[in-house]
Amino acid sequence: MTRTWSRTSRVIAGTATALAVLTACGGGGDDTASKPNGPVTITFWGWAKGSKDVVDAFNASHTDVQVKFEEIPSGTAGGYAKISNAVKAGNAPDLVSIEYSSLPEFVSSGALQDIGDQFTEADRAKLLPQSVELTTLGGKSWAVPFDAAPQAFFYRKDLFAKYQVKVPATWDEFRKAAEQVKKADAKARIATFFPDDPTTFEAMAWQAGAQWFKAEDDTWKVDTTDPATTKVTAYWQGLLDADLVHKDASFSPEWVGSLKNGTTVGYLGASWGAGVLKGNVPELSGKWAVAPVPTWDGKPASGMLGGTSFAVTKDSKQKAAAVAFAEWMSTTEEGVKARIASGTSSAFPAAAALRPAAKKAFDAGYYGGQDIYALFEAAGASINPDWSWGPTTGTTNTAIKDEFGKIAQGGPSIADAVKAGHDATVAELTKRGLKVEG
């Protein structure tokens, strides 16, 4: 077996019923390996920071392939619905951005092409194995991984020093630090619980060792009540009940405002969050630093929060050109520099060889010159490899998000939201005629 024949792939491919969810095998397009016979024009839809800069740089340096770029809303903010509708209508772009968590759903709906004939084992060998696993389903390659998104903790080093708060290495220390911050400033909190963003919570469960989705034999096993998830759920419920974290929508005016006025002094995000802070609160340059995300036992561990891949839609007639452009974005120094040099992206490339270029392109002056890419490197290596996404992420996350918004003292809890996500997932898998356990 090759290295990219991952644990996830073996499990899914080895089951007739579970494999039924991967109905896109043999999607549209020519399966014969070839390079584009230019000049050709392809269309690309995406939303990540720096995408237009990358397209402009590619078009300026290539004559055989040209790219028309359309910026769409982020996936969960309407981008995925736009892509799905375009696929159904038969007018989808050639190439689309899809986060790892949503890739199985697009594969299962038959929206994408297998690109294994163009994106070879040699290409995949250059990339972080955890990212490759998340784009390999049923033994087939469905997307070009762009980045990994290991967790990280961003904090106001000036206010931590002022309040004499030690940067937490464990979740026990994080709660103690949260108590110290609140005691020092009654309006300040160490971090924010995002009720609109289940993926941040899922990354916490991933880090703790949870495995919500497994395909075994002929059955999808769904388990959101395992010890790891239960531990994370209770922990965050405790922080909310004790009013030790804010509860604001992610990237909302309220959240950004609290960063600006110093009433939020930390942000539990991912590698790409370095660019988010730099873009949203540029006036705080030099006041932020980055630390590894706290862990349960103090040993390095991370989940993945987001992470982007590039997939070719089923009706594209330009698969070779689309993959060539996706590879240029993901595996060349020029592509990574073009994205990061804009100053809005702190992407951590899945291609190990490109991380020095990413580090050089990102101006770390905002973080006082801290070597944040060395931190991301260690965090990326610690990503738990045992997590896999199911084919109903949209359904799962919508149900959790709806319930997260209702969480209140004495009212619905995080545990209620996780159960709602579980029940919705089981119902959707059952509706699709699949055997489900959980």
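The structure presented is a predicted model; accordingly, all values stated were derived computationally and were not measured.

Caption draft 1: Main features of the overall build of the chain. Counting its secondary structure elements, the chain contains 19 helices and 17 strands. For the chain, whose C-alpha radius of gyration is 21 Å, the value lies close to the compact-globule estimate of 22 Å for 438 residues. Projected onto its principal axes, the C-alpha coordinates of the chain cover approximately 65 × 50 × 40 Å. Looking at the chain as a whole, 56% of its 438 residues are labelled buried. Restricting to contacts in the chain with at least 6 residues of sequence separation, those with at least 24 account for 79%. Between the averaged position of the 44 positive side-chain charges in the chain and that of its 49 negative side-chain charges there is a distance of 3 Å.

Caption draft 2: Structural context of helix 10 (residues 198-208). Within helix 10, 10 of the 11 residues are buried, which leaves the element mostly enclosed by the surrounding structure. Those residues of helix 10 that sit buried are Pro198, Thr200, Phe201, Glu202, Ala203, Met204, Ala205, Trp206, Gln207 and Ala208. Immediately downstream of helix 10, the backbone of glycine 209 shows phi near 105°, a positive value.

Caption draft 3: Focus on the sheet that holds strand 13 (residues 266-270). Ordered by their spatial adjacency, 3 strands build an open sheet running 13-8-14, and the pairing between neighbours is antiparallel. Across the chains shown, the open sheet's two edge strands, defined by having one partner strand only, are strand 13 and strand 14 (288-291). Each adjacent strand pair in this sheet contributes to an overall mean axis angle of 25°, direction not counted. Sheet contacts for helix 17 (residues 372-381): strand 8 (151-156) and strand 14; angle to strand 14, the most-contacted strand, approximately 25°.

Caption draft 4: Seen up close, the pairing of strand 14. Burial along strand 14 is two-sided: Trp288 and Val290 and Ala289 and Ala291, pointing in opposite directions, are all buried. For strand 8 and strand 14, the ladder comprises 4 bridges, and the chain directions are antiparallel. Note on strand 14: the bridge partner recorded for tyrosine 155 is alanine 289.

Caption draft 5: Looking closely at the packing of aromatic side chains. Scanning the model with the defined rule gives 37 aromatic pairs in all. Taking 5.3 Å as the distance between ring centres and 70° as the angle between the ring planes, the aromatic pair formed by tryptophan 171 and phenylalanine 174 counts as edge-to-face. Of this pair, tryptophan 171 and phenylalanine 174 both sit in helix 9 (residues 171-184), 3 residues apart, which is roughly one turn of the helix. Each of the two residues, tryptophan 171 as well as phenylalanine 174, counts as buried. A relative accessible area of 2% means that tryptophan 171 is categorised as buried. For lysine 82, the ring lying beneath its charged end belongs to tryptophan 45, and the centroid distance is 5.0 Å. One cation-aromatic arrangement involves lysine 278 over phenylalanine 362; the distance from NZ or CZ to the ring centre is 4.5 Å.

Caption draft 6: Quick peek at the pairing of strand 3 (residues 95-99). Counting buried residues in strand 3 gives 4 out of 5 residues, a clear majority hidden from the surface. Relative to strand 3, strand 1 (residues 40-46) runs parallel, the two sharing 2 bridges. Bridge assignment links tryptophan 45 to a residue of strand 3, and that residue is valine 96. Pairing geometry for strand 3 and strand 15 (residues 308-312), over 5 bridges, is antiparallel. In the strand pairing of strand 15, isoleucine 98 is matched with serine 309.

Caption draft 7: A look at the side chain of glutamine 113. Locating glutamine 113 in the fold gives a position in the loop between helix 5 (103-108) and helix 6 (121-124). A distance of 3.4 Å separates a polar atom in the side chain of glutamine 113 from the backbone oxygen of lysine 314. Looking at glutamine 113, its side chain comes within polar contact range of the main-chain oxygen of serine 316, at 3.0 Å.

Caption draft 8: Broad picture of the side chain of serine 271. With respect to the element layout, serine 271 can be found in the loop between strand 13 and helix 13 (273-280). Relative accessible area serves as the criterion here: at 1%, serine 271 is assigned to the buried category. Once you skip the residues sitting within four places of it in the chain, serine 271 turns out to touch Ala148, Ala149, Pro150, Phe154, Ser346, Phe348 and Phe376.

Caption draft 9: Broad picture of the sheet that holds strand 1. Pairing is mixed across the open sheet formed by 5 strands, whose spatial order is 2-1-3-15-6. In the strand order of this sheet, the two ends are held by strand 2 (65-71) and strand 6 (144-145), each with one partner. Lying over the sheet, helix 3 (residues 51-61) contacts strand 1 and strand 2, oriented at roughly 165° with respect to strand 2.

Caption draft 10: Local environment of the pattern of salt bridges. Applying the stated rule across the entire model yields 21 salt bridges. A salt bridge links aspartate 158 to arginine 156, with the shortest nitrogen-to-oxygen separation between them at 2.8 Å. Judged by its relative accessible area of 5%, arginine 156 is buried. The shortest N-O distance in the salt bridge between glutamate 333 and lysine 337 comes to 3.1 Å. A residue pair is termed a helical-turn pair when its members lie 3 or 4 positions apart in one helix, as glutamate 333 and lysine 337 do in helix 15 (residues 333-340) at 4 residues. Each member of the salt-bridge network shares a partner with another, and the members are Glu105, Glu428 and Arg432.

Calculation rules
Residues numbered from 1 in each chain as written. Predicted model: local features only at pLDDT ≥ 70, side-chain atom pairs only at ≥ 80, totals over all residues. Heavy atoms only, no water. Helix = DSSP H or I, 4+ residues; strand = E, 2+ residues; numbered from the N terminus. Rg over C-alpha atoms; globule rule 2.2 N^0.38 Å. Buried < 20%, exposed > 50% of the residue type's maximum accessible area, 1.4 Å probe, protein only. Contact = heavy atoms within 4.5 Å. Lys, Arg positive; Asp, Glu negative; His and termini not counted. Charge placed at Lys NZ, Arg CZ, Asp CG, Glu CD. Pairing = 2+ DSSP bridges. Axes fitted to C-alpha atoms, helices over the stretch in contact; angles between N-to-C directions. Phe/Tyr/Trp six-rings, centres within 6.5 Å; stacked < 30°, edge-to-face > 60°. Lys NZ or Arg CZ within 6 Å of the ring centre and 35° of its normal. Polar contact = N/O pair within 3.5 Å; in protein donor to acceptor, adjacent residues only side chain to side chain. Salt bridge = Lys/Arg side-chain N within 4 Å of Asp/Glu carboxyl O.

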